[in-house]
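Now for the letters of each chain:
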Amino acid sequence: MTEIRDAATLDLLRRRRSVPPMLLSDPGPSVEELDGWLAIAARVPDHGKLAPWRFLVIEGEARGRVGALIEATFSADFPEADEKRRAQERQRLSHAPLVVAVVSRAGPHAKIPEWEQVLSAGAVCMNLVVAANAAGYASAWLTEWFAYDRRVLDALGLDPAERIAGFIHIGRPREVPSDRPRPDLDQIVTRL
Ligand SMILES: Cc1cc2nc3c(=O)[nH]c(=O)nc-3n(C[C@H](O)[C@H](O)[C@H](O)COP(=O)(O)O)c2cc1C
């Protein structure tokens, strides 16, 4: 029989699921705890050692500042929107105590396909999710419209070639919703 060396990790990966930001509450991680997660997140396969990703840490009052930016951009496009709708946009990043934006810096390279750089950013997101969940928090990996809005990206300081791989919302789960259906292995596995 194969020896199971890390049953806790397998158990975490087997049961982890996202928890919506509205169900994520304080307290967030300490600076040391977050730095530990970011180091884990950056420890991913990375063809060519390009580190084609970086992080924006959005916590505390920064969540409101970025929220105001999101709302202003939304209101410029939808000036007729009522206060309730505007407040929804303003609070986009304010539910969980911490949001980490994973920024992909993938681009053309002489040897390393851009696709592989993009995949590496996805791995960064997932490592961050797993690290936070292993530490007893819960998370949601979201993008939403503002991850694709150039005005918002410019204001966040992203270069034109940079993209958001995900906003990872992290906090203590107030409740954990029931799981969604997961893919049937018969549908996705081909044995050659
Ligand atoms: C790159 C990426 C972006 C996503 N963006 C959104 C989003 O904007 N809105 C949303 O409702 N779900 C989004 N999702 C899906 C959520 O993560 C969703 O809740 C997910 O299916 C939960 O899966 P899990 O329980 O295995 O974490 C995104 C997922 C990925 C991988």
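Note that this is a predicted model, so its numbers are computed, not measured.

## Quick look at a nonpolar patch on the surface
Together, W115, V118 and L119 make up an exposed nonpolar region whose accessible area comes to about 310 Å². Along the chain, the position of V118 falls in helix α5 (residues 114-134).

## Focus: the nonpolar core
A general trend in soluble globular proteins is that nonpolar side chains are found buried together. In terms of nonpolar packing, the biggest core is built from 19 residues, with W37, L128, I168 and I170 touching the most fellow members. When contributions to this core are tallied by element, the ones reaching two or more residues are α2 (31-41), β3 (98-104), α5 and β5 (163-173). Looking at this core, the element that brings in the most residues is α5, giving 7 residues. Leave out the neighbours within four places in its chain, and L128 touches W37, L38, A41, V100, V102, I168 and I170. Residues A101, F146, A147 and F167 belong to the second largest nonpolar core, which totals 17 residues.

## As for α2
Those residues of α2 not exposed but buried are L34, W37, L38 and A41. Burial along α2 is one-sided: seen end-on, the buried residues are contained in an arc of 100°.

## Things to note about the UniProt feature "domain: Nitroreductase" (unreviewed entry) in the protein chain
In the numbering used here, UniProt assigns the "domain: Nitroreductase" (unreviewed entry) feature to residues 13-172. As annotated, residues 13-172 has a helix share of 41% and a strand share of 19%, and its two end C-alpha atoms lie 18 Å apart.

## Concerning the site of the ligand
Around the ligand, the structure places R16, R17, S18, W141, L142, T143, E144, A165, R180 and R182. Between the ligand and T143 there is a distance of 2.9 Å, counted from a nitrogen atom to a side-chain nitrogen or oxygen. Side-chain polar atom of R180 to an oxygen atom of the ligand: 2.9 Å apart, as the coordinates give it.

## Re the side chain of E162
Mapping E162 onto the fold places it in the loop between α6 (150-155) and β5. The class of E162 is buried, set by a relative accessible area of 7%. Here R54 takes part through its side chain, which lies 2.8 Å from a polar atom of the side chain of E162. Polar contacts involving the side chain of E162 include one to the main-chain amide nitrogen of D159, which spans 2.9 Å. Excluding anything up to four places from it in sequence, E162 contacts R54, V103, S104, R105, R150 and G157.

Scoring rules and cut-offs
- Residues numbered from 1 in each chain as written.
- Predicted model: local features only at pLDDT ≥ 70, side-chain atom pairs only at ≥ 80, totals over all residues.
- Heavy atoms only, no water.
- Patch = residues over 30% accessible without salt bridge, like charges linked within 9 Å, V, L, I, M, F, W, Y side chains within 5 Å.
- Areas by Shrake-Rupley, 256 points an atom, 1.4 Å probe, with all protein chains shown as cover.
- Salt bridge = Lys/Arg side-chain N within 4 Å of Asp/Glu carboxyl O.
- Helix = DSSP H or I, 4+ residues; strand = E, 2+ residues; numbered from the N terminus.
- Core = buried A, V, L, I, M, F, W, Y, C linked by side-chain atoms within 4.5 Å.
- Buried < 20%, exposed > 50% of the residue type's maximum accessible area, 1.4 Å probe, protein only.
- Contact = heavy atoms within 4.5 Å.
- Arc of directions from axis to C-beta.
- UniProt positions renumbered as here; feature names shortened; annotations may be inferred.
- Near = heavy atom within 4 Å.
- Polar contact = N/O pair within 3.5 Å; in protein donor to acceptor, adjacent residues only side chain to side chain.

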